[in-house]
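Overview (structure and organization)
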Amino acid sequence: HLDTGNNPNKHLNLHNGTAQLGVATQIDTLTSGGNFIYSGGSLTLTGPVQVVGKTDITSSGTVTARDSGNQIHSLALKTAGSADLVSATALDVTAVNVSSGHLNLVADGITLSGPITASQVDINAGTGSLASNSTITAPRIQLAGDTLKLNTALSAESITLTSTGKTTLNRLTSTGDTHIKA
């Protein structure tokens, strides 16, 4: 049941199928046994998000999901504002376009399998690995993880890479400062 009345907190529980929302801007708890598809204005997910399938978000504003219990497995994101998402599980990012804002992703292991574009990119894979086979384009890029395997082109004015383990790079292009901490 989804209450779209005067209550700003929206609760959604799905065990099969696809969740499609265009009205809600704040969801307290989201559980989906299928996919979660959102198209609308700014989206704030205040409580835990658990999506077994794909999470596909198109927003004309900002997107926020910072709960440490989030379990987002696959993400496609297109937003006009900033995006700040956390997942306790490994995350496959199929495409991100943050047209005028900052992208901040934190997960326990991240695979970037599609192109990433934003005005600023901060991606932290925690104790997991960060792997990318796609292009990352932003004026400022910061990538961190236990291991970094970047078979991709990074293009930015400023690039910072931080790894406590092995770092593998294919091509790095910076018109400004480049920092590698390994």
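Small disclaimer: the values here were computed from a predicted structure and weren't measured. (Residues numbered from 1 in each chain as written. Predicted model: local features only at pLDDT ≥ 70, side-chain atom pairs only at ≥ 80, totals over all residues. Heavy atoms only, no water.)

**Topic: the overall build of the protein**
Condition: The way it works is that DSSP assigns letters per residue, a run of H or I at least four long becomes a helix, a run of E at least two long becomes a strand, and they are numbered from the N terminus. Throughout, exposure labels follow a simple rule: accessible area from a 1.4 Å probe, protein chains only, divided by the maximum for the residue type, with under 20% read as buried, over 50% as exposed, and the rest as partly exposed. Any pair of residues with heavy atoms lying within 4.5 Å of one another is described as a contacting pair. Here, Shrake-Rupley sampling with a 1.4 Å probe gives the accessible areas, and only protein chains in the shown set may cover a residue.
Within the protein one finds zero helices and 21 strands. Counting all 182 residues of the protein, 42% fall into the buried class. Restricting the contact set of the protein to residue pairs at least 6 apart, pairs at least 24 apart contribute 1%. As displayed, the protein offers around 8200 Å² of accessible surface, 48% of which is attributable to carbon and sulfur atoms.

**Considerations on the pairing of strand S6 (residues 49–59)**
Under the convention used in this document: Following DSSP output, two strands are said to pair if at least two bridges run between them.
Across three bridges, strand S3 (residues 26–32) lies against S6 in parallel orientation. Note on S6: the bridge partner recorded for Thr31 is Gln50. Here five bridges tie strand S4 (residues 35–40) to S6, and the two strands are oriented parallel to one another. Considered in S6, the bridge of Phe36 is made with Thr55. Sheet analysis places S6 next to strand S8 (residues 71–79), joined by eight bridges and oriented parallel.

**Brief notes about the nonpolar core**
Generally speaking, a soluble globular protein has its nonpolar side chains buried in company with each other. Operational definition: Buried Ala, Val, Leu, Ile, Met, Phe, Trp, Tyr and Cys residues form a nonpolar core when they are joined through side-chain atoms within 4.5 Å.
Of all hydrophobic cores here, the largest spans 41 residues; its most connected members are Leu77, Leu103, Ile110, Val121, Ile141 and Leu143. Apart from the residues lying within four places of it in its own chain, the contact partners of Leu103 are Leu77, Ala83, Val96, Val98, Ile116, Ala118, Gln120, Val121 and Asp122.

**Notes on the pairing of strand S15 (residues 129–132)**
What you see with S15 is a clean split: Leu130 and Ser132 sit on the buried side and Ser129 and Ala131 on the side with no burial. Two elements, strand S12 (residues 110–112) and S15, share three bridges in a ladder whose sense is parallel. Note on S15: the bridge partner recorded for Leu112 is Ser132. As defined by bridge partners, S15 adjoins strand S18 (residues 147–156) across four bridges and the pair is classed as parallel. Residue pairing across strands places Ser132 opposite Leu150, the latter belonging to S18.

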